[in-house]
Amino acid sequence: MSALKILVIPGSLRSGSLNARLAAAAAHELALAGAEVTRISLGDFPLPIYDGDLQSKSGVPKNVVNLKRMIGAHHGVLIVTPEYNSSVPPLVKNTIDWVSRVQDAHETRGQVFRERAFGIAAASGNRLGGTRALSALRLILAACHALVVPNQLALSFADEAYDDTDRLKLAADSEALKALVRQLIEFSQRIM
Ligand SMILES: Cc1cc2nc3c(=O)[nH]c(=O)nc-3n(C[C@H](O)[C@H](O)[C@H](O)COP(=O)(O)O)c2cc1C
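Cut-off values and rules
- Residues numbered from 1 in each chain as written.
- Predicted model: local features only at pLDDT ≥ 70, side-chain atom pairs only at ≥ 80, totals over all residues.
- Heavy atoms only, no water.
- 1 Å grid on protein atoms, 1.4 Å probe; cavity = no way out; pocket = protein on both sides within 12 Å on 5 of 7 lines; lining within 4 Å.
- Points joined across faces, edges and corners; volume = space filled by probe spheres on them.
- Helix = DSSP H or I, 4+ residues; strand = E, 2+ residues; numbered from the N terminus.
- Nonpolar A, V, L, I, M, F, W, Y, C, P; charged D, E, K, R; others polar.
- Pairing = 2+ DSSP bridges.
- Right-handed = clockwise from strand over helix to strand, strands pointing away.
- Near = heavy atom within 4 Å.
- Polar contact = N/O pair within 3.5 Å; in protein donor to acceptor, adjacent residues only side chain to side chain.
- Axes fitted to C-alpha atoms, helices over the stretch in contact; angles between N-to-C directions.
- Parallel < 35°, antiparallel > 145°, perpendicular 65-115°, else oblique.
- Contact = heavy atoms within 4.5 Å.
- Expected span 1.5 Å × (residues − 1).
- Buried < 20%, exposed > 50% of the residue type's maximum accessible area, 1.4 Å probe, protein only.
- Arc of directions from axis to C-beta.
- Salt bridge = Lys/Arg side-chain N within 4 Å of Asp/Glu carboxyl O.

Visitor: Give me the lowdown on empty space enclosed by the protein, citing residues and values where you can.
Guide: Enumeration over the complete set of coordinates arrives at one cavity of 30 Å³ or more. Its boundaries defined by the atoms lining it, the largest cavity holds a volume of some 120 Å³. Around the largest cavity, the lining is made up of 15 residues, and of these Ile-9, Ile-71, Ile-79, Thr-95 and Ile-96 lie nearest the centre. Listed by contribution, the elements that provide at least two residues to the lining of the largest cavity are strand 1 (5-10), helix 3 (62-72), strand 3 (76-81) and helix 4 (90-99). Of the residues belonging to the lining of the largest cavity, the class tally is 13 nonpolar, two polar and no charged.

Visitor: Account for the pairing of strand 2 (residues 36-39), with residues named and values stated.
Guide: Taken together, the four bridges between strand 1 and strand 2 define a ladder with parallel strand orientation. Looking across to strand 2, one finds that Ile-6 is bridged to Val-37. In the classification by handedness, the crossover that spans strand 1, the intervening helix 1 (residues 18-32) and the parallel strand 2 is right-handed.

Visitor: Kindly report on the site of the ligand, identifying the contributing residues and their values.
Guide: The ligand sits among 13 residues. The nearest are Ser-12, Arg-14, Ser-17, Glu-83 and Ser-124. With respect to the ligand, the backbone of Leu-18 contributes an N or O atom lying 2.8 Å from an oxygen atom. Between Asn-126 and the ligand, the recorded distance is 2.9 Å, taken from a side-chain N or O atom to an oxygen atom. Partitioning the shell around the ligand into residue classes produces three nonpolar, seven polar and three charged.

Visitor: Could you give me a rundown of the packing of helix 4 against helix 6 (residues 131-143), with the residues and numbers involved?
Guide: As a packed pair, helix 4 and helix 6 sit with axes 11 Å apart at the nearest point and diverge in direction by 5°. With respect to each other, helix 4 and helix 6 are oriented roughly parallel. Across from Val-92, Lys-93 and Ile-96 in helix 4, the residues of helix 6 making contact are Leu-137, Ile-140 and Leu-141. Taken together, the residues that form the contact of helix 4 with helix 6 break down as five nonpolar, no polar and one charged.

Visitor: Outline helix 6, listing residues and values.
Guide: Its 13 residues give helix 6 an end-to-end C-alpha distance of 19 Å, which sits within 8% of 18 Å, the value for a rise of 1.5 Å per residue. What helix 6 keeps buried is the set Ala-133, Leu-134, Ala-136, Leu-137, Ile-140 and Leu-141. Angular distribution of buried residues about the axis of helix 6 spans 165°; they occupy a single face of the element. Exposed positions of helix 6 whose direction lies more than 90 degrees from the buried face are Leu-139 and Ala-143. Where the residues of helix 6 are buried, they touch strand 3, helix 4, helix 5 (111-114), strand 4 (117-123), strand 5 (147-148) and strand 6 (153-155). His-145, located one to two residues past helix 6, shows a positive phi value of around 65°.

Visitor: An account of the pairing of strand 1 is requested, with residue identities and associated values reported.
Guide: With five of its six residues buried, strand 1 lies for the most part within the structure. For strand 1 and strand 3, the ladder comprises five bridges, and the chain directions are parallel. Opposite Val-8, over in strand 3, you have Leu-78 as the bridge partner.

Visitor: Describe the pattern of salt bridges, naming the residues involved and giving the relevant values.
Guide: Under the counting rule described, the total for this entry stands at seven salt bridges. With a shortest N-O distance of 2.6 Å, Arg-21 and Asp-166 are connected by a salt bridge. Taken together, the residues span a long stretch of sequence, with Arg-21 in helix 1 and Asp-166 in the loop between strand 6 and helix 7 (171-190) at a distance of 145 residues. Owing to a relative accessible area of 24%, Arg-21 belongs among the partly exposed residues under this scheme. Between Arg-69 and Asp-104 there is a salt bridge; the shortest N-O distance is 2.6 Å. Placement of the pair is Arg-69 in helix 3 and Asp-104 in the loop between helix 4 and helix 5, with a sequence separation of 35 residues. By relative accessible area, Asp-104 is classed as buried at 18%. Salt bridges here are not isolated pairs; linked through shared partners, they connect Lys-68, Arg-69, Asp-104 and Glu-107.

Structure, rendered in structure tokens:
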């Protein structure tokens, strides 16, 4: 059987991003659990804000097609999102909006979401750890008919949570990440 492939997408471009660091920790755990991991930066897929007129005039940007195919080449996806004003940041929402508008010739709309498992995580400097962003993201992905695994990780006080190598310092945080990773792998294998 071919290796289980998981794509990890941090939802922040900021240097020193707390969510990029959590994505790094998650990628490490996924690899330890036997997955073949690809960790990308959305900075490599710059996109305009979704605009139907733009799509009608110029079509879907190449970066959307590339990103959608990148997702399609994996069995599972982990999105690690910041929380902005109790929801997901525009980078994350805009990316999902664009990807939800494309399909390859043999596909139906949204197939790329329907046919793979999604895990979600957030990191924030405050006590709630981005739980409201996770609720919003779960809803958005459900609207795209994605299978979102039940476990999730909202990492509180994330500015204190990592060591120098971006591993989680607290056992409770590390266990929560492992539980999410295990479940994402399990659900991804089911639809492999
Ligand atoms: C516009 C804006 C809104 C924010 N709103 C929230 C919020 O609702 N909840 C929260 O926990 N943090 C909020 N924050 C703080 C972010 O969680 C914090 O900046 C975090 O470090 C961003 O993620 P990053 O480090 O991965 O870039 C907000 C930050 C910005 C810039």
